[in-house]
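# Structural description and commentary
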Amino acid sequence: MSNIIETEGLSKQYGNVYRVKDVDLSVPEGAIYGFLGPNGAGKSTTLKMILGLAKPTEGEITVFGKRVNSKNRLENLKNVGSLIESPSYYGHLTGEENLRIFQTLRGVSKQNIAEVLKIVRLENQQNKKVSQYSLGMKQRLGLASALLGYPKLLILDEPTNGLDPAGISEMRELIQSLPQKFGMTVVVSSHLLSEIDQLATRVGIIREGELVYQDSLTKLHQYSKQHLAVRTMNNEVTKSFLSRNGVAWEAEDDYLIIPQMKDTMIAEISKALGQNNIGLVRIEERKKSLEDIFLELTGTAVSL
Amino acid sequence: MSAAIGMEVLKTKGRKIWLVVAVMMAVQLLWAGWAISNKDANDLVQGWMFFLYQFPMLNCIIMPVIAAVVASRLSDVEHKGQTFKLLETIIPAQRIFAAKFIWGSIYMLGAALGQLAIMIGMGFVLHFGGPVPWGALASYLFFTLVVSLTIYIFQQGVSMFVANQMVPMTLGLIGGFIGLFSMFFPQGLQKLILWSYYGVLMQVGMNWDQTTRATDFYWTAIDWSGLGLILVFFVLIYGIGRILFVRKEV
């Protein structure tokens with residue numbers, strides 16, 4: 001599968017501080033890429049650089065296989081829809097008029113306005129001034145603006161920010177339907193792990209400007225698999241015993257962490273340890289939650 | 001570009017910007033009416049010159065206010081709705097800047113034509129002496145436009161760059177007052193101040209006899225160096241404003 005977005009050593013420095021440092025992002029075609037990180041980690045700055053709204057201090061950006069520069073930026077962005085930080089709108093105009101402005105400037109068919117209004121379920125509110133819209137409606141209008149040209153790539157920065165649970169769920173359903181319905185690749189950023197967990201197929205985790213994890217969500221879930229924590233009277237001898245018997249282990253405090261295994265296997269190990277005069281004092285089942293992994297990777301408390 | 005200008009027109013829907021221009025023109029009309037009301041038939045012989053002297057003076061304060069309000073009204077919708085970050089992913093930033101300038105210029109042109117209409121209308125109604133000085137009136141329109149557009153582009157640059165519109169509005173008002181008082185400044189200093197160019201490019205001078213308290217107006221030569229300088233200012237301010245806006249990260 002080819003990558004729609006690739007960045008190489010992407011960095012952004014403000015003063016002496018790197019807000020984004022050496023980020024190598026790769027977003028495969030057709031994916032819903034969850035860009036996860038605590039507030040202020042550098043998500044918006046990274047996305048703004050991809051859209052050319054902020055100039056990278058260092059690094060390269062490739063979108064649709066073309067290296068982005070100031071000359072081809074807008075040509076490349078013809079196939080990109082975006083919603084950055086908060087929706088852009090003219091409050092004194094109606095929803096339809098707002099979309100007409102962006103449709104005209106994009107040079108796409110007028111018919112698209114009615115279609116995207118239907119997709120975001122705003123067709124009954126299109127003649128209402130946007131200043132009278134709720135936050136959820138404004139977000140949906142922002143999504144409609146991004147969808148106007150039926151782009152191949154959609155970049156959504158914190159699209160559920162400020163929405164109530166019903167709004168979040170509605171927005172999530174909408175986003176999830178886009179790759180299947182329109183063949184879009186979606187990059188969605190969030191500081192909410194639960195949101196990305198429910199949405200994304202691939203995830204990138206950013207911490208203090210550095211990409212600390214990037215892979216499929218399935219792989220991230222694998223880290224959270226159950227394992228066993230064993231404590232014996234002599235962990236040193238146990239280590240060599242386990243190694244001799246082909247059981248992988250990892251030392252953690254007074255415990256040895258071994259993979260989850262069948263009851264019969266555990267019984268055999270327990271018996272063997274006893275035969276070797278190694279007293280088994282604790283055997284516990286442990287599970288790393290996704291939150292624990294996020295916490296380990298980002299070093300900050302997770303937002304649920 | 002035409003699409004971008006067309007969308008600027010749509011964005012001003014319901015913003016009542018023409019009302020601001022109309023109110024300022026009404027002020028100018030009332031002021032002209034009041035100024036001419038105490039003139040007798042002898043004074044009206046120099047009616048055209050009287051207007052061509054008084055209107056530029058009043059413009060020092062009226063036009064900068066119009067420029068500040070128009071530029072601010074055209075830009076604040078973008079700041080309020082955080083639309084620059086979306087627009088700049090669709091069209092080049094320099095086109096946004098140019099479209100705003102072109103549409104804003106229409107308001108400035110409207111104001112300049114409005115005051116020209118007031119002058120000509122009142123001249124005909126009150127039967128000013130001598131033939132209508134069409135050449136001087138055309139020059140007046142041209143000079144007023146050149147100065148007003150230079151002030152406008154300054155205001156637009158600030159309004160698009162700074163989100164808080166109190167900044168450009170205050171600058172506009174301060175500029176207007178400095179322009180008004182710059183009539184008393186030495187010419188060299190006058191030419192350094194944008195807002196004083198309505199006076200610099202005035203085509204009529206005035207003698208005031210202290211003993212008879214009579215005023216006499218006379219035609220003056222056009223200050224071509226002044227015109228050249230304001231055109232240079234225009235190009236510079238447009239260029240700098242555009243660069244700052246294009247480079248600004250949103």
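Throughout, residues of each chain are indexed from 1 in the direction in which the sequence is written. Numbering of ligands from 1 and lettering of chains from A proceed in the order in which they are written. pLDDT decides what is reported in this predicted model: residues at 70 or higher carry local features, side-chain atom pairs at 80 or more are listed and counted, and totals for whole chains, interfaces and linings draw on all residues regardless. Hydrogens and waters are ignored; side-chain quantities use all the structure's heavy atoms.

Here we come to the environment of Glu170(A). All names here are of chain A. Residue placement: Glu 170 occurs in helix α6 (residues 165-182). Residue Glu 170 is classed as partly exposed on the basis of its relative accessible area, which comes to 25%. Placed 50 residues apart in sequence, Glu 170 and Val 120 show a C-alpha to C-alpha distance of 9.3 Å. In this structure Glu 170 touches Arg 121 and Arg 140, once residues within four positions along its chain are discounted. Working definition: helices are DSSP H or I runs of at least four residues, strands are E runs of at least two. Numbering for both runs from the N terminus. Working definition: with a 1.4 Å probe on protein chains only, accessible area under 20% of the residue-type maximum means buried, over 50% means exposed, and in between means partly exposed. Only heavy atoms enter the contact rule, under which two residues are in contact if any of them lie within 4.5 Å.

Confidence scores per residue from the predictor, reported as pLDDT, run from 0 to 100. Confidence along chain B averages 92 in pLDDT terms, with 100% of residues attaining 70 or more. Across chain B, the element-wise mean pLDDT spans from 76 in helix α3 (residues 41-44) of chain B up to 96 in helix α7 (residues 134-161) of chain B.

For the domain bounds, the source is a domain assignment made automatically or taken from a database. Entries for chain A in the domain assignment read domain 1 (3-79 + 151-221) and domain 2 (226-287). With centres defined by C-alpha atoms, the gap from domain 1 of chain A to domain 2 of chain A works out at 42 Å.

Our next topic: the packing of aromatic side chains. Residues and elements named next belong to chain B. Classification of ring pairs rests on two measures: the distance between centres of Phe, Tyr or Trp rings, Trp counted by its six-membered ring, which must be within 6.5 Å, and the angle between planes, read as stacked under 30 degrees, edge-to-face over 60 and tilted in between. Inspection of every chain in the model, using the stated rule, returns 22 aromatic pairs over all chains. Ring geometry for Trp 18 against Tyr 107: centres 4.5 Å apart, planes inclined by 40°, an arrangement best described as tilted. Taken together, the residues span a long stretch of sequence, with Trp 18 in helix α2 (residues 17-37) and Tyr 107 in helix α6 (residues 93-125) at a distance of 89 residues. Judged by its relative accessible area of 41%, Trp 18 is partly exposed. Look at Phe 101 and Tyr 238: their rings are 5.5 Å apart centre to centre, the planes differ by 85°, and that puts the pair in the edge-to-face class. Here Phe 101 is found in helix α6, whereas its partner Tyr 238 is found in helix α11 (residues 224-247), with 137 residues between them in sequence. Given the relative accessible area of 18%, Tyr 238 is considered buried.

Bringing the pairing of strand β4 (residues 32-36) of chain A into the picture now. Residues and elements named next belong to chain A. Among the five residues in β4, five count as buried, and that is most of the element. The two faces of β4 match: Ile 32, Gly 34 and Leu 36 on one face and Tyr 33 and Phe 35 on the other face are all buried. Strand pairing follows a simple DSSP-based rule, namely that at least 2 bridges must link the two strands. Relative to strand β9 (residues 185-190), β4 runs parallel, the two being bridged by five bridges. Counted as the bridge partner of Tyr 33 is Val 187 from β9. Looking at chain direction, β4 and strand β10 (residues 202-207) are connected through four bridges and run parallel. Bridge pairing in β10 places Phe 35 opposite Gly 204.

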